[in-house]
Amino acid sequence: MTEARAIARANIALAKYWGKSDIPLNLPAVPSISMTLDGLVTETTVAFEPKLRRDRVSLDGRTAKPKEIGRVVELLDRVRAAAGIETRARVVTENRFPTAAGLASSASGFAALAASASAAAGLAWNDKRLSREARQSSASAARSIYGGFVELPAGKPGNPRCAAKPIAPSSHWDLRLVVAVTATGRKKVGSTEGMERSRKTSPLYDAWVERAPKLNAKVRRAIKARDLDKLGQAMEQSTFSFHACAMSAAPGILYWQPPTLAALHVVRGLRDKGTSVWATMDAGPHVKAVCEAESVGKVKRALRKAAGVTNVLSMKLGDGIEVFR
Ligand code: ADP
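Residues numbered from 1 in each chain as written. Predicted model: local features only at pLDDT ≥ 70, side-chain atom pairs only at ≥ 80, totals over all residues. Heavy atoms only, no water.

Let's talk about unusual backbone geometry
Leave glycine aside and you will find that most residues have negative phi; peptide bonds, for their part, are mostly trans. Cut-off, in case you're wondering: Labels follow the DSSP assignment, with helices taken as runs of H or I lasting at least four residues and strands as runs of E lasting at least two, numbered in each case from the N terminus.
Cis geometry marks the peptide bond from A250 to P251; its omega dihedral reads -10°. Note on placement: P251 falls in the loop between α7 (228–247) and α8 (258–272). A positive phi angle, near 55°, is found at D60, a position not held by glycine. With respect to the helices, strands and loops of the structure, D60 is situated in the loop between β5 (56–59) and β6 (62–63). Positive phi outside glycine occurs at R226, with the angle close to 50°. Secondary-structure assignment places R226 in the loop between α6 (205–225) and α7.

Observations concerning the packing of aromatic side chains
The cut-off we apply is this: We call Phe, Tyr and Trp rings a pair once their centres come within 6.5 Å, taking the six-membered ring for Trp, and we label the pair stacked below 30 degrees between planes, edge-to-face above 60, and tilted otherwise.
Applying the stated criterion across every chain, the model contains four aromatic pairs. Plain terms: the ring middles of F149 and W173 are 6.3 Å apart, the flat faces sit at 35° to each other, and that makes the pair tilted. Of this pair, F149 sits in strand β8 (residues 149–152) while W173 sits in the loop between β9 (165–168) and β10 (175–181); the two residues are 24 residues apart in sequence, bridging distant segments of the chain. Ring plane angle 50° and centroid distance 6.0 Å describe the contact between F240 and W256, whose orientation is recorded as tilted.

Things to note about the pattern of salt bridges
Pairing is possible between side chains of opposite charge, provided their charged atoms come close. Stated precisely, the cut-off is as follows: Here a salt bridge means any side-chain nitrogen of Lys or Arg lying within 4 Å of a carboxyl oxygen belonging to Asp or Glu. Relative accessibility under 20% of the residue-type maximum defines a buried residue, over 50% an exposed one, and the middle range a partly exposed one, all with a 1.4 Å probe and only protein chains included.
Tallied over the entire structure, the rule returns 22 salt bridges. In this structure, the salt-bridge partner of E133 is R129, at a minimum N-O distance of 2.9 Å. Highlighted residues: E133 and R129, both in helix α3 (residues 127–137), separated by four residues, approximately one helical turn. E133 gets classed as buried once you look at its relative accessible area, which sits at 7%. Put simply, E196 and K200 hold a salt bridge, and the shortest N to O gap is 4.0 Å. A residue pair is termed a helical-turn pair when its members lie 3 or 4 positions apart in one helix, as E196 and K200 do in helix α5 (residues 191–201) at four residues. Accessibility expressed as a relative area gives 12% for E196, which makes it buried. Where salt bridges share partners, they join R5, E43, E94 and R96 into one cluster.

Section: the confidence of the model for the chain
Low pLDDT means the predicted coordinates in that region are not meant to be read closely. Under the convention used in this document: Confidence of the predictor in every single residue is expressed as pLDDT, which spans 0 to 100.
Residues of the chain with pLDDT of at least 70 account for 98%, and the chain-wide mean is 96. Element-level mean pLDDT values for the chain span from 95 in strand β13 (residues 311–315) up to 99 in β8.

Below, the structure is given as structure tokens:
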């Protein structure tokens, strides 16, 4: 086998990941739980070609930038070492995302790359191994190997065997994610840098790492019980805790924009009027609201009216990786 294609979907964390316990191994300091999202697909084809003198990477129809190529080559090198080959590869990858939705491209990107590259190299890695290898490139990618609701435990420093595990399939609960897009353009402080600055300088970092497992367990229990109010409370606390941690770093990291606050108040306003809808955010300005299928229309209409919100998208739960040999 020298060529394989895989698709993977992005995910959104309900219990947030923020902070690393081991940087070289890329281990998370806290456990996290996500839902995999339908419609946010990355498709990646990897072909090992003996004629190539170095790896070639095309990302969204253009030659990838040196830094992007570096992250891809690092994963390809681990695949080559495991397969005992030295052949260089041609990688063609596309993130089929609604533009500027602020949804994690590295999650689906590295899940699809781990699956396609290992299959192309003739390795029969199971999902656990794929998750572990994807995690080494991007912790959130570990969760995109699986569909539905997925947990990534915290990693013990020095132990590379940290992988995600599925906790419920997408059929378990028809939850929806409504994304309020609040700004375009790249974030000023990347996640890795933000996490490290938080760890080194935020007076709230230790409290976050200590409390995160409890919030994570609440999220897990609420998912199992399909209890949206309980899930929402723990999920919002997780989001606001990690943002507070980032904001209180030195210098402070502020991902919020004015429309972020407007959208957060819309979510609260809907709740005050009896709709169970709850907010989560990543390291960026967009607000993501979680609700039941029956509330999607109302939530979308309300968020469209929030000052400064430029686009509103809704998504269902999605499946895990698919590999085509
Ligand atoms: P995001 O929030 O979109 O995940 P990050 O800055 O964490 O933002 O990750 C974006 C990086 O992930 C890109 O700069 C690139 O290095 C990598 N990436 C994104 N999509 C792909 C892909 N399809 N294949 C390989 N790498 C990708």
